[in-house]
Amino acid sequence: MYQERPEWEDVIPLPQDDGALPLAQIAYTDEYAEAMSYLRALMAKDEHSERALEITEHIIEMNPAHYTVWLYRANIVFALGKDLRKEVEWLNEKALRHEKNYQIWHHRQLIIDKLDDSTGEADFIAKMFQKDAKNYHVWSYRQWLVKRFGLWEKGELEYVEYLLEQDVRNNSAWSHRFFLVCGNGQELTEEIVQRELGYVSDNIFLAPQNPSPWNYIRGILQRAKLPMSRIEKTCTYYAPLDNPEKIKSSHALDILAEIYSTIPEQKDLAIQSLDLLSSTYDPIRTNYWNYRKTQIQKAAA
Amino acid sequence: MATTSSRAPAATLALHVEKHVHYITTLDTAKDTLSYHLSEHLRINGVYWGLTALHLLGHPEALPRDETISFVTSCLQPCGGFSSAPGHDAHLLSTVSAVQILATIDALDTIDTTLVAKWVAGLQQEDGVFAGDEWGETDTRFLYGALNCLSLLGKMELIDVEKAVEYVLRCWNTDGGFGMAPGAESHSGQIFTCVGALTIAGRLGEIDGEMLGDWLAERQLANGGLNGRPEKLEDVCYSWWVLSSLAMIGRLGWIDKEGLVGFILGCQDEKKGGISDRPNDEVDVFHTVFGLAGLSLLGYEGLQEVDPVYCMPRSVTKRVLGN
Ligand SMILES: [Zn+2]
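Residues numbered from 1 in each chain as written. Chains lettered and ligands numbered in written order. Predicted model: local features only at pLDDT ≥ 70, side-chain atom pairs only at ≥ 80, totals over all residues. Heavy atoms only, no water.

Quick look at the overall build of chain B now. Across its full length, chain B holds 14 helices and four strands. Taken against the 2.2 N^0.38 rule, which gives 20 Å for 323 residues, the C-alpha radius of gyration of chain B at 19 Å falls within 12% of a compact globule. Referenced to the eigenvectors of the C-alpha coordinate spread, the extents of chain B come out at roughly 55 × 50 × 40 Å. The contacts in chain B between residues at least 6 apart in sequence include a share of 66% that link residues at least 24 apart. Within the structure as shown, chain B displays about 11,300 Å² of accessible surface, and the carbon and sulfur contribution to it stands at 52%. (Helix = DSSP H or I, 4+ residues; strand = E, 2+ residues; numbered from the N terminus. Rg over C-alpha atoms; globule rule 2.2 N^0.38 Å. Contact = heavy atoms within 4.5 Å. Areas by Shrake-Rupley, 256 points an atom, 1.4 Å probe, with all protein chains shown as cover.)

On to unusual backbone geometry. Excluding glycine, most residues fall at negative phi; most peptide bonds, likewise, are trans. For E231(B), which is not glycine, the phi torsion reads 65 degrees and is therefore positive. Within the secondary structure, E231(B) is located in the loop between α10 (209-217) and α11 (236-248).

All right, on to the environment of S172(A) then. The residue S172(A) is located in helix α9 (residues 171-182) in this model. On the accessibility criterion, S172(A) (3% relative accessible area) is buried. In terms of polar contacts, S172(A) uses its side chain to reach the side chain of R229(B), at 3.0 Å. (Buried < 20%, exposed > 50% of the residue type's maximum accessible area, 1.4 Å probe, protein only. Polar contact = N/O pair within 3.5 Å; in protein donor to acceptor, adjacent residues only side chain to side chain.)

Residue and element names in this part refer to chain B. The zinc ion binds to the protein through D235 (OD), D235 (OD), C237 (SG) and H287 (NE2); the donor distances cover 2.1 to 2.4 Å. Coordination at the zinc ion is irregular: its four donor atoms span angles of 56 to 126 degrees at the metal. The motif formed by the donor residues of the zinc ion, counted along the single chain, is D-x1-C-x49-H. On the criterion of sequence distance, the pair formed by D235 in the loop between α10 and α11 and H287 in helix α13 (residues 285-297) is long-range, its members being 52 residues apart. Taking relative accessible area as the criterion, H287 reaches 9% and is therefore assigned buried. (Donors = N, O, S within 2.8 Å, 3.2 Å for Na, K, Ca; no water. Tetrahedral: all angles 85-135°; square planar, octahedral: opposite > 155°, others 65-115°.)

Looking now at the domain arrangement of chain A. Domain boundaries assigned for chain A yield domain 1 (1-115) and domain 2 (236-301). Of note, the centres of domain 1 of chain A and domain 2 of chain A, computed from C-alpha atoms alone, are 56 Å apart. (Domains from an automatic or database assignment.)

This part is about the nonpolar core. Ranked by internal contacts, the top residues of the largest apolar core, which has 105 residues, are L143(B), L147(B), F178(B) and W240(B). Among the nonpolar cores identified, the runner-up in size contains 94 residues, and I112(A), I125(A), A224(A) and L277(A) belong to it. (Core = buried A, V, L, I, M, F, W, Y, C linked by side-chain atoms within 4.5 Å.)

Residues and elements named next belong to chain B. Counted by the stated rule, this structure contains 38 salt bridges over all chains. Put simply, D106 and R319 hold a salt bridge, and the shortest N to O gap is 3.3 Å. Of the two residues, D106 is situated in the loop between α5 (92-104) and α6 (113-121) and R319 in helix α14 (residues 314-321); the sequence distance between them amounts to 213 residues. D106 gets classed as partly exposed once you look at its relative accessible area, which sits at 46%. Ionic pairing is found between E185 and R229, a salt bridge with its closest N-O pair at 3.1 Å. (Salt bridge = Lys/Arg side-chain N within 4 Å of Asp/Glu carboxyl O.)

Here is the structure:
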């Protein structure tokens, strides 16, 4: 308890005033309530000191989602000129224990930005991804690192491929690949498009019903201003319209419908693809497939 | 690989209105100290969620008006922003909730709206996005929140709407969705904030609704629920964000309504009231309001109409915005 410690004697704690609204009232543990009342007192005079740092740690330990404490802590760390590497180490342990928390990542961004050095960050992120390779906050942070430190071609693509080998259904990794391939204003040369087509078809082979590589290649072709018919062969392989029993992917059917709808002579094939989707391969979206059919019929009329 | 849908039969489930009202109004007596003190930073948000749920349920009187006003005004800081609870720092998300609460109970005249609007407008950054507070963390959630509360306050002229729209459009991905920052993975929560911001700004025409609708409709799973990203689990809150986005772009009809109604009703705690993220999980007020809002948007009988842009009763936004 702070009230029994001499180094806190000069601080008059500011207790919480909860007001009378039932829905707004919160029952505290005594330890948390006491620490908060001392924190409020220090924040009121904007004290930057070792004991202030200590109390932020204590409160973050109990409630890492309390954003005001994080902001106060960053201020103290910078004001006291603390060792930023030590702060990062301390953060590592917090991040591993509180995966859903994003204040931690904002704090990390402030510290690493000030440090002006991303050494060790990829290793730590790998540890986070061992727990959850789709963690949105961590991926956002990684994209910030790539932009801040210009890491576009520093092993990022290889790392994405490693993650997709672990789990081909990791949509976040596919999204990061798109960010790497298109996010720096690069030109999508035919060579790059070929490489991506090859990579995607290898991965579709592993799981034809996985939506991510289909969405991915759709995006690449769009960005390169190339027609969807570049992947027609892949689509007919997984969705042979002349042999519907052998269809292995609703996404292939979806793209086939898109390709055929643009060619007047093949609009019947487009309609057939959409019918197969609503009757058998993706019936929960029947309303949507029917809408696509009426669009094709309207265009033909 | 033909899929068969295994959704809960909506016809056999009912909405437990009285139980939900009881659940929300007795939240204070739940002495679950751990989860209660952990949500301290969400306190004013919690009041907004509970109040909105009660209004949608047709029991607006269940939360005492005077006490609500005095709690909210006690969170107003000298800078013009609101904090999550008295004695905390002002934050944009708390400020949005405060304005939404006061608008809902027709009490905006109890605060200096110009002071509040000026504080919010001051959070806009050079590139058009908004920070959550003076510390500069930026996010499209804050941008949406700023437009939400400034439009309710009738003070949109204080900000550079054009720049805000440009920022939102930079977060637009080739798959039709939006991410948290330019280049970030499409995510239903971020889509809601971006589409909501564009709707408030009157600039929905800038995006391709067909492609976005396709991505959103793809979120529905065979059990009727909707997920937030490809290959993730269905969840009541994501169901709301996807559904309201579809409503804003005029494509609500693209999903299987009966399937989703069945999924949400199946997430109710039939004994103590409240709605959880998915069937048989612990209920909370956050999923309760979004579950009810989803049902309302799907036209479920007996609920007040919800506004998909603001997640507030439609009667309130009509009164405040005059349209
Ligand atoms: Zn949820």
